Structures are given as C-alpha cells and as structure tokens.
Amino acid sequence: YTKAQLYLLQGKILKDKGKFKEAIKFIEEGIEISRINNLVECSFSLFSMLGTIFTEERKIKQAEYCFQSALRFKNQEQIKKKNIFINTHIHLRELYIDQKLWLEAEEQIQNALALSKKCNDELKQIDALITLGVLYLSQNRKNEAVVPLNHASKLAKQHKLTSKEGKIYFQLASCYRELDQ
C-alpha cells in the first residue's frame, strides 16, 4: 500500500463510523499525496470517496464537484480497468435525481450503460438498464421505461441473476399496470 491508499482506507473507516470531518481531512491529505506522486488511480478513488462523504452530508455541490473531478481521470492511461468509473456515473445520477435534474441524470445513466457495455460488465449493465427504467417511471414515461427494463430482464435471465429478475419484474408490473389503465 502507498501512503495515499492508507489515507483512503482510514477515510473510509471514519466515514463508515459517521466521523465525516475527520474522514474528509484524511481524504484531502490523501488527494494531495496522490497529486504530488502522480497516483492517478488512487486520486480517482479518493475523489470518489470524498464525493460519497459529501453526499451523505447532503453537501450536493461539493459531492458533484468531487465526482466530476474523479471522472476527469477517465482518459488517463494509468487506469487500466475503466469499469471503475461506472459507479461514479451512478453516484452523479443519484445527485441529479435528488435535484430533479432529469436530463443530467439520464446522461449519467447512459454513460454508465455505455461504459458497462464497453467493459463487458453485464451486472453493471443490468443495473444501469434498471436505473434507466426507474428514471423513466419517475417521470411518468411508462412506455419508454418498458424498453430498458425488458432488456435488463433478458440479460438477467441469460446470466441466471434471479435476484435482479425480481426487481425488474416489479418495475415492469408497475409499467404495465399504469399502461393498462
């Protein structure tokens, strides 16, 4: 482990204990160490963790800044596993949904979906499709919600992910109930 990674771990432990101020101090110190030593992947992880802390504190603008900062590392060659960015798009989507910024939320879901396809991460792809369906449902776009939910259902069956299928069927039932009325 590098010193920056230890700061990340300590920050996570403090976050999980609800000690946000102390966690933020560790994470910010880790970010500085990572910057100085050009530890790109660690910087990404630290910014993402800081974003989740600010989200839990309901400091939306700071959280958004951190997640967007983390995504700036997307094109860095040092990061080999590009699927690590999927969760950051998902976190941003959550922030945007909370603010009812539907277009921004949909853009983040589409980014997560495209990245999960590119990385052949079917589990994340299913999650992104479900999330897209739920986003459409929350906006009363029932006809549009059916498409990603059916696709998610097909993928979940194909990979025998029965726990996902239940969630998908629940959302589809909601769509069809509304469409039949």
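Since the structure is predicted, the reported quantities are computational estimates derived from the model, not experimental observations. (Residues numbered from 1 in each chain as written. Predicted model: local features only at pLDDT ≥ 70, side-chain atom pairs only at ≥ 80, totals over all residues. Heavy atoms only, no water.)

**Student:** Would you mind showing me how to read helix α6 (residues 102-118) here?
**Tutor:** Think of an α-helix as 3.6 residues a turn; residues three or four steps apart then line up on the same face. A rise of 1.5 Å per residue sets the reference length of α6, with its 17 residues, at 24 Å; its end C-alpha atoms lie 24 Å apart and thus fit the reference within 8%. By the burial criterion, the buried members of α6 are A105, E106, Q108, I109, A112, L113, L115 and S116. In this structure, the buried side of α6 is in contact with α4 (60-71), α5 (86-98) and α7 (122-138). Directly beyond the C-terminal end of α6, a positive phi value near 55 degrees is found at N120. (Helix = DSSP H or I, 4+ residues; strand = E, 2+ residues; numbered from the N terminus. Expected span 1.5 Å × (residues − 1). Buried < 20%, exposed > 50% of the residue type's maximum accessible area, 1.4 Å probe, protein only. Contact = heavy atoms within 4.5 Å.)

**Student:** Looking at this model, I keep getting lost on the packing of helix α2 (residues 20-36) against helix α3 (residues 40-56). Mind explaining?
**Tutor:** Describing two packed helices takes the angle between their axes plus the distance from one axis to the other. Where α2 contacts α3, the axes come no closer than 9 Å and their chain directions differ by 160 degrees. Judged by the inter-axis angle, α2 sits roughly antiparallel to α3. You can see that α2 and α3 cross each other, and the crossing is left-handed. Counting all contacts with α2, which are made through F20, A23, I24, I27, E28, G30, I31, S34 and R35, the residues of α3 involved are C42, S43, L46, F47, M49, L50, I53, F54 and E56. Its residues assigned to classes, the contact of α2 with α3 comprises 12 nonpolar, 3 polar and 3 charged. (Axes fitted to C-alpha atoms, helices over the stretch in contact; angles between N-to-C directions. Parallel < 35°, antiparallel > 145°, perpendicular 65-115°, else oblique. Left-handed = near helix turned anticlockwise from the far one by under 90°. Nonpolar A, V, L, I, M, F, W, Y, C, P; charged D, E, K, R; others polar.)

**Student:** Sorry if this is basic, but what is going on with α2 here?
**Tutor:** Counted at 1.5 Å a residue, the expected span for α2 with its 17 residues is 24 Å, and the 24 Å between its end C-alpha atoms agrees. Buried residues of α2: F20, A23, I24, I27, G30, I31, I33 and S34, and no others. Lining the buried residues of α2 we find α1 (3-16) and α3.

**Student:** I would appreciate a short explanation of the nonpolar core in the present structure.
**Tutor:** Side chains of nonpolar character tend, in soluble globular proteins, to be buried together. Counting 55 residues, the largest nonpolar core has I27 and I168 as its most contacted members. The greatest single-element share of this core, amounting to 9 residues, is contributed by α3. Non-local contacts of I168, meaning those with residues more than four positions away in its chain, are made with I126, I130, L149, A152, S153 and A156. (Core = buried A, V, L, I, M, F, W, Y, C linked by side-chain atoms within 4.5 Å.)

**Student:** What am I meant to see in the pattern of salt bridges here?
**Tutor:** If charged atoms from side chains of opposite charge come close, those side chains can pair. A full pass over the atoms with the stated rule returns 11 salt bridges. As a salt-bridge pair, D16 and K15 come within 3.4 Å of each other at their nearest N and O atoms. For K15, a relative accessible area of 12% translates into the label buried. For E32, the salt bridge identified is with R35, shortest N-O distance 2.4 Å. Taken together, the residues span about one helical turn, with E32 and R35 both in helix α2 at a distance of 3 residues. Looking at E32, the relative accessible area reads 36%, which means it is partly exposed. (Salt bridge = Lys/Arg side-chain N within 4 Å of Asp/Glu carboxyl O.)

**Student:** Would you mind showing me how to read the packing of α3 against α4 here?
**Tutor:** Between α3 and α4, whose axes approach to 8 Å, the crossing angle comes to 160 degrees. Classified by the interaxial angle, the pair formed by α3 and α4 is roughly antiparallel. Two packed elements cross with a definite hand, and for α3 against α4 that hand is left-handed. Side by side, α3 and α4 meet where F44, F47, S48, L50, G51, T52, F54 and T55 of the first sit next to Q62, A63, C66, F67, S69 and A70 of the second.

**Student:** In this structure, what is going on with the environment of C66? I would like to understand it.
**Tutor:** Summarising the element assignment, C66 is placed in helix α4. For the pair formed by C66 and L92, sequence separation is 26 residues and the distance between their alpha carbons is 9.7 Å.

**Student:** Help me out: how do you make sense of unusual backbone geometry in this one?
**Tutor:** Most peptide bonds adopt trans geometry, and most residues besides glycine take a negative phi value. Positive phi outside glycine occurs at N38, with the angle close to 55 degrees. Tracing the chain through its elements places N38 in the loop between α2 and α3. In this structure N38 comes out as exposed when scored by relative accessible area, which is 51%. Notably, K100 is not glycine yet its phi reads approximately 60 degrees, a positive angle.

Structural measurements only, silent on function.
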